[in-house]
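For reference, the chains in residue letters:
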Amino acid sequence: MSAISLNPPASGTESRGRILCVDDEPNILRALSWLLQKDFEVVTAAGGDEALALVRRDDFDVVISDQRMPGMSGVDLLREVKAIAPRAMRILLTGYADVQSVLRSVNESEIFRYVAKPWSVTELPKLVAQAAAIARRHPAGAPIAGDLPAPDGKGSILVLDGDPATHALVEVAAGDVAEIVHVSNVVDAVHCLIDREFSVLVAETHLGPSIEISRFICLLKQRHPRLVAVVLAEDSATDTVARLVNQGQIYRFIPKPAKAGYLRLALRSALVKAEQLHAQGELVKRHAVDALDTEEAARLEADLALAQSLVRVSPAPSDAPPPGNRLARAWRRFFGTGRA
Amino acid sequence: MQFRLVRYVTVTSLAFFLLAALAMVYFYRQVALTNMLHLQEAANVNVTRVFANTLWTARFVPFLAESDGLSSPELKNNSQIQEIHRTVLDLMRGGTTYKVKVYDRRGRTVYSSELAQIGEDKSGNSGFQGAMAGQTRTELVHKEKFSAFEQVVENRDLIQSYIPQYNGREIAGVFEVYSDVTPFLGEIAATEKKLVAGAAVAFGALYLALFLIVRRAEGIIVGQNRERDQAQQQLAQSEKMASLGQLVAGVAHQLNTPIAFSLSNVALAIASLNRMALPLRVAAHLAENVRRHPGVDSVRLNLNRSRGLITAVDCDDAEAALAARMLGDVQNGLEQMRELVENLRDFTRLDRAKVVGTDLNRALRTVIYIAKSAIPGRIQMVEDFTELPLLECNPSQLNQVFLNLINNAAQAIPYEGHIRVRSRVEGREIRVDVIDSGGGIPQDVMPHIFDTYFTTKAAGVGTGLGLPIARDIVRNHGGELRVTATSSLGTTFTVTLPLTSGGEPPPASRP
């Protein structure tokens, strides 16, 4: 084992956490150690296999991994870490990641943060401290995997999307296990969330070609920490997904077009997660989010206040079928929707 | 040379229209003449019948019987001739019949409206023989001079019919009747002229319409070609931009690593240096104090003034060494960046002449270095070089080719694998193999890999221009790019480049 502990755990109680850093670049590992060793006990590993051996043997509060490494990728490593040591908070530190691995980092590894290289010398220690504190105070719940316990049916899903096809798809995927409410605009969504509590939010990042609402999803998540967010979107740009992870702690990101079967699994898992969050309020803390940019947040809050003051755009949602009648759907199917 | 559609259609269609017009006129003439012959034959048969009815039993039967024994001169002077001749003239006056002759069964002319011909032997005449066989023979003849009743006519077209005359069941003699069809032929010629004029007008109109249609079509085709060329240029450009984008992304990633740790280390080193400022001040103060008192074993320190400072010194003796190590790593990082920039410069060769003597191994090393930054870490790059002589080439173009081949190879390897780049001299050629351990090229794809626009990637991802452009570049260097092996164990792309650039030098650049 070539793992080097630059800061021997002489005074374990004083250390604010045990951190495992994984990268194939020794220079990066040294820089991270030097940056973090003052406040934490830092252990490094040069690759996925070595890191897994360390995780099996020792207890870590935070695992920071690079994505691109020879052999096991960062996403795969963090997924394994999630299974072996669910208490450890997982951070992906990467200079470049393709869309696929970013999506997998959300859906499979359930990472806490996505940090871009080069990191900020002031922010990274703060983030690691926050993660370590959460890991110590709020151990993870039971892992949700394999055969899902059927959700008890008391769950509710709020679907926010401008495309009727998505509403129909969610109805097919989860209509039997949860109550589903359909809205197609932000104002209605805000009203619904004020009226009652929802377990799961299924949202698109774009409502129409010009309305981008990923920040709004983040804000909703800040206001309703127990809401489990599943983003079902066409635009899966790395930046958007990274923001949704860091500021929205979304539970799943599913790129469109989604298959009903896959969506069904994801929604069931989200409903179970919501039940878990409901039963163990503590767990919510494990999904603390980065605050939005102050100016941005203020503007969004103002918009939200405005939205609350507005009357609902559509009548009170019920179990009515998704908007758009058969003729309109046939029309769209024949001529296309004009959305690329 | 471009195919000139309008010229082609103009010339060929003109030829065919002329041919069609000629055929039409010829056909008309044939039909008209045949009709005329039939008509005139019928008319001649009628005339014969009139003669026969009027003259045969009354005059010719006894005359024939009598003439049998007469010699030709006797026949000419026979008294009955004058009588018959008068009757015949009466009958034919005002008609179109010019001449009537009667032969006996032996072929002797027993009567002719041209009296001088009486007694002539015509048994060898094919018309007569035909008539004797029972057929009516008719033909069109042209006579420069023709003696008709009472006059001599010139330059006439005549219909000549030989008509058998029966006596009971037996052929008793043959009538020969000439009738004038000169006016008919004149009519036919006039109609022919009208027909030619009509055909000229109709075909001319058709020809004009065809010309306009084809000219318009050619305009459209030329426009489409121009658009296609533009699209192709745009695609080639976007292919270049795509590979450039890939390159830039890879390079950005490669630069990012040293930047990341250098930034972090420099910030930490600065903080560390700031912490060292106070100890240094104290040390400097102490040193100054020692210098001021040379040759003494001890100096007095006024702790009243400096106690605060000295006790504030909280310095790990490893701090300076650590900062030095951090900065050492930064130096290392800068070295990495310098190497990258150097390779980039070698790769693009913007600062070099277009065609230069190049060590291909060095170029390949650069390409591999650049490619490594863009291809996944699970793929190992192996250099298998032997020493090569300098090659006169455009290195930046060949770099593009090798980068394209290595990128393709990387895309063919789904999991762990390796790409071997091998260089050899074979005879008067340099041979470079790019060998991957990927899944090989499927059989149905193989014939198309060098086709322009052929791609196995999703629309918008691949342009299908990478390999065609690469092959163009290699061929412009007088060499060849081909697949020398492909199986489920991998694929080998081979570039051969001739060492003797005896011919033209490779072109400087592509658009």
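Because the structure is predicted, anything quoted here is derived from the model rather than measured.

> Go over the interface of chain B and chain A, please, and point to the residues and values.
Many analyses report the size of an interface as the accessible area lost when the parts associate. Listed as interface residues are 24 residues of chain B and, on the opposing side, 18 residues of chain A. Of the roughly 1700 Å² buried between chain B and chain A, counting both surfaces, carbon and sulfur atoms make up 59%. Our count for the chain B to chain A interface comes out at one salt bridge. The residue A:Arg30 makes a salt bridge to B:Asp329 at a minimum N-O spacing of 2.7 Å.

> Describe the domain arrangement of chain A, listing the residues and the values that go with them.
Residues and elements named next belong to chain A. Along its sequence, chain A is organised into domain 1 (18-137) and domain 2 (156-309). The contact between domain 1 and domain 2 buries some 1600 Å² in all, and 50% of this surface belongs to carbon and sulfur atoms. Seen at the junction of domain 1 and domain 2, the total is one salt bridge. Here Arg252 and Glu110 are joined by a salt bridge, their closest N and O atoms 3.1 Å apart. Counting the contacts that link domain 1 with domain 2 gives eight residue pairs in polar contact (both at pLDDT 80 or more). Elements with a minimum of two residues in the side of domain 1 that touches domain 2: α4 (99-107), β5 (113-116) and α5 (123-137). If one sorts the elements of the side of domain 1 that touches domain 2 by residue count, α4 sits on top with five residues.

> Describe the pairing of strand β12 (residues 490-498) of chain B, with residues and values.
Residue and element names in this part refer to chain B. Judged by how many residues are buried, β12 sits mostly within the fold: eight of nine residues are covered. Note that strand β10 (residues 429-436) and β12 share eight bridges and pair antiparallel. Considered in β12, the bridge of Asp433 is made with Thr494. Across seven bridges, the pairing between strand β11 (residues 480-487) and β12 is antiparallel. Along β12, the bridge assignment pairs Leu481 with Val495. Between β11 and β12, which follow one another and run antiparallel, lie two residues.

> Which residues make up a nonpolar patch on the surface, and what are the values?
Residues and elements named next belong to chain B. Side chains of Leu286, Val290, Val296, Val299, Leu301, Leu303, Leu309 and Ile310 sit close together on the surface and give an oily, nonpolar patch of about 560 Å² of accessible area. It is helix α6 (residues 303-312) that contributes the most residues to the nonpolar patch, three residues altogether. Considering the arrangement of structural elements, one finds Val290 in helix α5 (residues 182-292). Since its relative accessible area comes to 46%, Val290 is described here as partly exposed.

Scoring rules and cut-offs
Residues numbered from 1 in each chain as written. Chains lettered and ligands numbered in written order. Predicted model: local features only at pLDDT ≥ 70, side-chain atom pairs only at ≥ 80, totals over all residues. Heavy atoms only, no water. Contact = heavy atoms within 4.5 Å. Buried area = accessible area lost by both parts, 1.4 Å probe. Salt bridge = Lys/Arg side-chain N within 4 Å of Asp/Glu carboxyl O. Domains from an automatic or database assignment. Polar contact = N/O pair within 3.5 Å; in protein donor to acceptor, adjacent residues only side chain to side chain. Helix = DSSP H or I, 4+ residues; strand = E, 2+ residues; numbered from the N terminus. Buried < 20%, exposed > 50% of the residue type's maximum accessible area, 1.4 Å probe, protein only. Pairing = 2+ DSSP bridges. Patch = residues over 30% accessible without salt bridge, like charges linked within 9 Å, V, L, I, M, F, W, Y side chains within 5 Å. Areas by Shrake-Rupley, 256 points an atom, 1.4 Å probe, with all protein chains shown as cover.

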